[in-house]
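# Geometric and topological summary
Next come the chains, spelled out residue by residue.
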Amino acid sequence: MKPALVSGIQPTGKLHIGNYLGALKNFVELQNTGKFQCFFFVADLHSITEEFNPKEKLKQVENLILDFLAAGIDLKKSVLFVQSAVSAHSELAWILNTITPFGELRRMTQFKEKTGEEYETTNVGLFDYPVLMAADILLYSAKFVPVGDDQLQHLELTRALARKFNSKFGNTLFEPKPLLTEIPRLMSLDDPTKKMSKSRPEGCLFLDDEPEVIRKKIMRAVTDSGSEVRADREQKPAVTNLIRIYSAMSGKNAAQVESRFKGKGYGEFKKELAEIVIQGLAPFQKRKNELKKKRAAIMKQITAGNKKANMVASKKLAEVKKKTGLV
Ligand code: TRP
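Read on for a plain summary of the structure.

Definitions and cut-offs
- Residues numbered from 1 in each chain as written.
- Predicted model: local features only at pLDDT ≥ 70, side-chain atom pairs only at ≥ 80, totals over all residues.
- Heavy atoms only, no water.
- Axes fitted to C-alpha atoms, helices over the stretch in contact; angles between N-to-C directions.
- Helix = DSSP H or I, 4+ residues; strand = E, 2+ residues; numbered from the N terminus.
- Left-handed = near helix turned anticlockwise from the far one by under 90°.
- Contact = heavy atoms within 4.5 Å.
- Nonpolar A, V, L, I, M, F, W, Y, C, P; charged D, E, K, R; others polar.
- Expected span 1.5 Å × (residues − 1).
- Buried < 20%, exposed > 50% of the residue type's maximum accessible area, 1.4 Å probe, protein only.
- Near = heavy atom within 4 Å.
- Polar contact = N/O pair within 3.5 Å; in protein donor to acceptor, adjacent residues only side chain to side chain.
- Areas by Shrake-Rupley, 256 points an atom, 1.4 Å probe, with all protein chains shown as cover.
- Phe/Tyr/Trp six-rings, centres within 6.5 Å; stacked < 30°, edge-to-face > 60°.
- Lys NZ or Arg CZ within 6 Å of the ring centre and 35° of its normal.
- Parallel < 35°, antiparallel > 145°, perpendicular 65-115°, else oblique.
- Salt bridge = Lys/Arg side-chain N within 4 Å of Asp/Glu carboxyl O.

Helix α12 (residues 266-293) packs onto helix α10 (residues 237-250) with a crossing angle of 35° between their chain directions and a minimal axis gap of 9 Å. Note that α10 runs across α12; the crossing there is left-handed. When α10 is examined against α12, the residues V239, L242, I243, I245, Y246, M249 and S250 are found in contact with a partner set consisting of Y266, F269, K270, E272, L273, I276, V277, G280 and L281. Residue composition of the contact of α10 with α12, by class: 12 nonpolar, 2 polar and 2 charged.

Now for α10. For α10, which comprises 14 residues, the first-to-last C-alpha distance of 20 Å matches the rise-based estimate of 20 Å (1.5 Å per residue) to within 8%. α10 sits mainly inside the fold: 10 of its 14 residues count as buried. What α10 keeps buried is the set A238, V239, T240, N241, L242, I243, I245, Y246, S247 and M249. Tucked inside the fold, the buried residues of α10 contact α1 (17-33), β6 (187-188), β7 (191-195), α11 (254-260) and α12. Positive phi shows up at G251, right after α10, with a value of about 85°.

Lining the immediate environment of the ligand, one finds S7, G8, Q10, F41, H46, Y129, M133, D136, I137, V145, V147 and Q151. Within the side chain of Y129, an N or O atom sits 2.7 Å from a nitrogen atom of the ligand. D136 is positioned with one of its side-chain polar atoms (N or O) 2.7 Å from a nitrogen atom of the ligand. A total of 370 Å² of accessible area belongs to the ligand in isolation, and the protein chains cover 87% of it. Among the elements that line the shell around the ligand, the one with the most residues is helix α7 (residues 124-138), at 4 residues. Here the shell around the ligand is built from residues that sort into 6 nonpolar, 5 polar and 1 charged.

Right, let's talk about the packing of aromatic side chains for a bit. Counting across every chain of the model gives 15 aromatic pairs. On the basis of an interplanar angle of 70° and a centroid distance of 5.0 Å, the ring pair of F261 and F269 is categorised as edge-to-face. Among the aromatic residues, ring-to-ring pairing joins F39, F41, F81 and Y140 into one connected group. Its end group placed over the ring of F206, K14 keeps NZ or CZ at 4.2 Å from the ring centre.

Turning our eyes to something else, we now look at the packing of α7 against helix α8 (residues 152-169). The contact between α7 and α8 brings their axes to 9 Å, and the two run at 65°. Overall, the two elements α7 and α8 adopt an arrangement that is roughly perpendicular. In this structure, α7 meets α8 at a crossing whose hand is right-handed. Together, Y129, P130, V131, M133, A134, I137 and L138 of α7 and H154, L155, L157, T158, L161 and A162 of α8 make up the contact between the two elements.

Moving on to the environment of V320. With respect to the element layout, V320 can be found in helix α13 (residues 295-324). Accessibility expressed as a relative area gives 0% for V320, which makes it buried. Along the backbone, V320 and K271 are 49 residues apart, and their C-alpha atoms lie at a distance of 57 Å.

Let us now look at the side chain of H46. Tracing the backbone through its elements, the reader meets H46 in helix α2 (residues 44-47). Of the residues examined, H46 reaches a relative accessible area of 3% and is grouped as buried. Of note is the side chain of H46, whose polar atom sits 3.3 Å from the side chain of Q83. The residues touching H46, leaving out its near neighbours within four places in the chain, are Q10, Q83, Y129, L132, M133 and D136.

Turning our attention to α13. For an α-helix, the turn length of 3.6 residues means that residues three or four places apart are oriented alike. Between its first and last C-alpha, α13 extends 42 Å over 30 residues, near the 44 Å set by a 1.5 Å rise per residue. The complete set of buried residues in α13 reads I298, M299, I302, G305, N306, A309, A313, K316, L317 and V320. Check the buried side of α13 and you find it contacts α3 (54-71), β3 (78-82), α4 (88-97), α7, α8 and α12. Among the residues trailing α13, G325 stands out with phi positive, at a value near 85°.

What follows concerns the pattern of salt bridges. Pairing of side chains with opposite charge becomes possible as their charged atoms draw close. Throughout the structure, instances matching the rule amount to 22 salt bridges. A salt bridge links K59 to E56; the shortest N-O distance between them is 3.5 Å. Here K59 and its partner E56 are both found in helix α3, 3 residues apart, which amounts to about one turn of the helix. Between R185 and D149 there is a salt bridge; the shortest N-O distance is 2.8 Å. Of the two residues, R185 is situated in the loop between β5 (177-180) and β6 and D149 in the loop between β4 (144-147) and α8; the sequence distance between them amounts to 36 residues. Relative accessible area serves as the criterion here: at 39%, R185 is assigned to the partly exposed category.

What follows covers unusual backbone geometry. Of note, S141 is a non-glycine position whose phi angle comes to about 45°, a positive value. Relative to the assigned elements, S141 resides in the loop between α7 and β4. Since its relative accessible area comes to 29%, S141 is described here as partly exposed.

The structure is reproduced here in structure tokens:
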């Protein structure tokens, strides 16, 4: 049996190129090694811990499914499913809650960043987010979890909970290892001190952006003083960010990009960068447009994915309940 690998993405809106390079692209490469039994899912239960519109939620879920498939997730090779369709996730999360120390969750950096000082009005789901994530992983006995470094603390908790459950109730849960994905740190095109994010749409390159929109955003991107295309985080943060995007989309390293644009100005660099991004996204966009036409058939296939996930997850949940003395 191949080792299991699990990862999820929250459906919270359109994906940008950072999401693609940091997660999806890597998932597809891992899938295509043929070395793992892959489970990928849409983390909709996680996503409702933040402000959302119920009418939009299902659309976001479906859109993310199309993104997974357009990026190259293959339903013959991987199990793709929706978290809320597999009720074992919520059930295991509850059981794990009872062995999770309050203090561990209070220390989570992501929780602190998301809440600030607003403890009294923060929903408890946001606090409990890492325990649900642990359940996501442990249900599939994942050996590997591809994540960015912002999720390492949550993975450490997952490992600690597996150990604790096993020592209290007997060996049941498998301790997973992170597969660290190198996430290019992409900054906003209109302000290189801010992370590229959908909350700053003008500075964000979305996977679905039309060529004209990409050109406009890149040509309008802020640059630094001087005219040399050179990576220098201190002196040239804006140009360094553009070089990083160029590198990530073309596979060329920073030195190669610099030498290509030696003696040329920012204008020429940006023009070519726009074309590199447009070409880089074209296969994804073409596939996504084709998939959109088959939306109903695809959602039916996802029901099959939900079923497969449910089979694996409910078996593990039954084992956990038995060990714990639950019915
Ligand atoms: N918390 C992850 C993120 O925001 C998403 C996620 C939820 C996840 N459950 C998971 C990732 C389980 C890996 C495994 O990126």
